[in-house]
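Spelled out, the chains give:
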There are 2 protein chains.
Amino acid sequence: MDEIDFNILSELQENARLTMIELGRKVGLTSPTVTERVRRLEEQGVIKQYTTQVSAEKLGRHVTAYILMEPKDCKQYVQFAASHPDVIECHRIAGMYSYLTKVVTETVHTLEAYIDSCLTLGKPTTLIVLSSPVANSPIQPVKSTSE
Amino acid sequence: MDEIDFNILSELQENARLTMIELGRKVGLTSPTVTERVRRLEEQGVIKQYTTQVSAEKLGRHVTAYILMEPKDCKQYVQFAASHPDVIECHRIAGMYSYLTKVVTETVHTLEAYIDSCLTLGKPTTLIVLSSPVANSPIQPVKSTSE
DNA sequence: CCTGAAAAACGACACGA
DNA sequence: TCGTGTCGTTTTTCAGG
């Protein structure tokens, strides 16, 4: 894990569909060499997945909310959240409440329906997202991650 | 926007580096056809970005937290958050507090440092992530997004 | 880590349901 | 209009050095 690897990760976070020739050009290597480095980063688990960000708006989902949840039964709530198509993330947290769940849903009415089903499982507190000044900023290495 | 497009989006959310031939095979089309569909999805803004998920752990960032923030000056706080390398997301919210900020940092000590700098800008409430039962679940279309 | 050749995939065009 | 088939070019892969 040297600086070239960091540059590779930075470029791939920006555009996962770069060809190895383009990527090599950006980091100063030839395509077979950079291909081998990418293969190792995948193998080590540094690269977890190549994914595509799609517009929730364009898919008819206009409302994003975070829901703080104090469930009666944790396992039951996780099962509910994991199987619900509107749930994008669900985090177990320390501090206030037990879970923080990110929901991307069609309208305030479908959000209401989601909250209603939550009410049978515990006590939800809803935070509706108005805008996102920072969205999915790339992760940078901390300093010497030499392994 | 028909069902084939939904399948394309689903496949690309799982693996953004699929070749057009592989993608075509998965959705039942030949490569020129699926290439044209992908081009249109990009043009329409349905596909926003091809990105790579990297392991925060492997890059030396072991602590994830959400911070609810009540800043004295909103613009000042957004500027601070946007320029801080540990901030991955920052959302303006309605409900309790004004901002919800996702921070991925090295240790509890670097988190403490982040919170300290927040304290000069307002009143933060920290929620440390213990685990994530649901992480970045793909977005599915809602029903008839015919445009 | 680079070079070079074979195999595969990409992009563009003309054609057909 | 949308999908198919083909050709020339680019990219990937794998042999070496």
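Bear in mind that the values here come from a model prediction, so they are computed numbers and not experimental data. (Residues numbered from 1 in each chain as written. Chains lettered and ligands numbered in written order. Predicted model: local features only at pLDDT ≥ 70, side-chain atom pairs only at ≥ 80, totals over all residues. Heavy atoms only, no water.)

## Things to note about the packing of aromatic side chains
Logical step 1: In the structure shown here, the tally under the stated rule is 7 aromatic pairs over all chains.
Logical step 2: Ring geometry for A:Tyr77 against A:Phe80: centres 6.3 Å apart, planes inclined by 35 degrees, an arrangement best described as tilted. Taken together, the residues A:Tyr77 and A:Phe80, both in helix α4 (residues 74-83) and 3 residues apart, mark about one turn of the helix. Both residues of the pair, A:Tyr77 and A:Phe80, count as buried.
Logical step 3: Their ring planes at 55 degrees and their centres at 5.4 Å tell us that B:Tyr77 and B:Tyr99 sit as a pair that is tilted. Pair noted here: B:Tyr77 is in helix α4 (residues 74-83) and B:Tyr99 is in strand β4 (residues 99-105), with a separation of 22 residues, a long-range link.
Logical step 4: Site record: aromatic cluster; members linked through ring pairs are A:Tyr77, A:Phe80, A:Tyr99 and A:Tyr114.
Logical step 5: Note that A:Arg17 overlies the ring of B:Tyr50, its terminal NZ or CZ placed 5.5 Å from the centroid. (Phe/Tyr/Trp six-rings, centres within 6.5 Å; stacked < 30°, edge-to-face > 60°. Helix = DSSP H or I, 4+ residues; strand = E, 2+ residues; numbered from the N terminus. Buried < 20%, exposed > 50% of the residue type's maximum accessible area, 1.4 Å probe, protein only. Lys NZ or Arg CZ within 6 Å of the ring centre and 35° of its normal.)

## Overview of the sheet that holds strand β3 (residues 87-94) of chain A
Logical step 1: With antiparallel pairing, the 8 strands of this closed barrel are ordered in space as β2(A)-β4(A)-β3(A)-β5(B)-β2(B)-β4(B)-β3(B)-β5(A). Taken pair by pair, the neighbouring strands of this sheet meet at an average axis angle of 35 degrees, ignoring direction.
Logical step 2: Bridge count between β3(A) and strand β4 (residues 99-105) of chain A: 5 bridges; the pairing is antiparallel. Residue pairing in the sheet places A:Arg92 in a bridge with A:Tyr99 of β4(A).
Logical step 3: Those strands touched by helix α5 (residues 108-119) of chain B are β2 (63-71), β3 (87-94), β4 and β5 (122-134) of chain B, and its axis lies near 145 degrees from that of β5(B). (Pairing = 2+ DSSP bridges. Axes fitted to C-alpha atoms, helices over the stretch in contact; angles between N-to-C directions. Contact = heavy atoms within 4.5 Å.)

## Some points on the UniProt feature "domain: HTH asnC-type" (unreviewed entry) in chain A
Logical step 1: Taken from the UniProt record, the annotation "domain: HTH asnC-type" (unreviewed entry) applies to residues 1-62 of chain A.
Logical step 2: Secondary structure content for residues 1-62 of chain A is 55% helix and 13% strand, and the end C-alpha separation is 41 Å. (UniProt positions renumbered as here; feature names shortened; annotations may be inferred.)

## Examining the protein's contact with DNA strand D
Logical step 1: Close to DNA strand D lie A:Thr19, A:Met20, A:Ile21, A:Ser31, A:Pro32, A:Thr35, B:Thr30, B:Pro32, B:Thr33, B:Arg37 and B:Arg40.
Logical step 2: For DNA strand D, the backbone makes up 78% of the atoms found within 4 Å of the protein, where backbone means sugar plus phosphate.
Logical step 3: One of the side-chain nitrogen or oxygen atoms of B:Arg37 is found 2.8 Å away from a phosphate oxygen of DNA strand D.
Logical step 4: At the level of elements, α2 (20-27) and α3 (31-44) of chain A together with α3 (31-44) of chain B are the ones that each hand at least two residues to the surface near DNA strand D.
Logical step 5: Looking at the surface near DNA strand D element by element, the count peaks at 4 residues for α3(B).
Logical step 6: Looking at side-chain class alone, the surface near DNA strand D contains 4 nonpolar, 5 polar and 2 charged residues. (Near = heavy atom within 4 Å. Polar contact = N/O pair within 3.5 Å; in protein donor to acceptor, adjacent residues only side chain to side chain. Nonpolar A, V, L, I, M, F, W, Y, C, P; charged D, E, K, R; others polar.)

## Topic: the relation of the copies chain A and chain B
Logical step 1: Note on the copies: chain A fits chain B at an RMSD of 0.1 Å, the axial shift is 0.0 Å, and the rotation between them is 180 degrees. As the rotation angle and translation indicate, the two copies are arranged about a two-fold axis.
Logical step 2: Taken as a fraction of all interface residues of chain A, those also at the interface in chain B reach 100%, which identifies the copy contact as same-surface. (Least-squares fit on C-alpha atoms with pLDDT ≥ 70 in both.)

## Overview of the nonpolar core
Logical step 1: Counting 40 residues, the largest nonpolar core has A:Ile8, A:Leu23, A:Val38, B:Ile8, B:Leu23 and B:Val38 as the members making the most contacts within it.
Logical step 2: Counting residues per element, the ones that place at least two in this core are α1 (3-14), α2, α3 and β1 (47-54) of chain A together with α1 (3-14), α2 (20-27), α3 and β1 (47-54) of chain B. (Core = buried A, V, L, I, M, F, W, Y, C linked by side-chain atoms within 4.5 Å.)

## Comments concerning the domain arrangement of chain A
Logical step 1: Domain assignment breaks chain A into domain 1 (3-43) and domain 2 (57-128).
Logical step 2: The distance between the C-alpha centroids of domain 1 of chain A and domain 2 of chain A comes to 37 Å. (Domains from an automatic or database assignment.)

## Some details on the interface of chain A and chain B
Logical step 1: Taken together, the 68 residues of chain A in the interface contact 68 residues of chain B.
Logical step 2: Note on chain A versus chain B: buried area summed over both sides is about 6,400 Å², and carbon and sulfur give 59% of it.
Logical step 3: Inspection of the region where chain A meets chain B yields 0 salt bridges.
Logical step 4: Counting the contacts that link chain A with chain B gives 43 residue pairs in polar contact (both at pLDDT 80 or more).
Logical step 5: Broken down by secondary-structure element, the contributors of at least two residues to the side of chain A that touches chain B are α1, β1, β2 (63-71), α4, β3, β4 and β5 (122-134) of chain A.
Logical step 6: In terms of residues, the side of chain A that touches chain B owes the most to one element, β5(A), which gives 10 residues.
Logical step 7: Its residues assigned to classes, the side of chain A that touches chain B shows 37 nonpolar, 20 polar and 11 charged.
Logical step 8: Relative to β1(B), β1(A) is paired through 7 bridges, and the arrangement is antiparallel. Looking across to β1(B), one finds that A:Ile47 is bridged to B:Val54. (Buried area = accessible area lost by both parts, 1.4 Å probe. Salt bridge = Lys/Arg side-chain N within 4 Å of Asp/Glu carboxyl O.)

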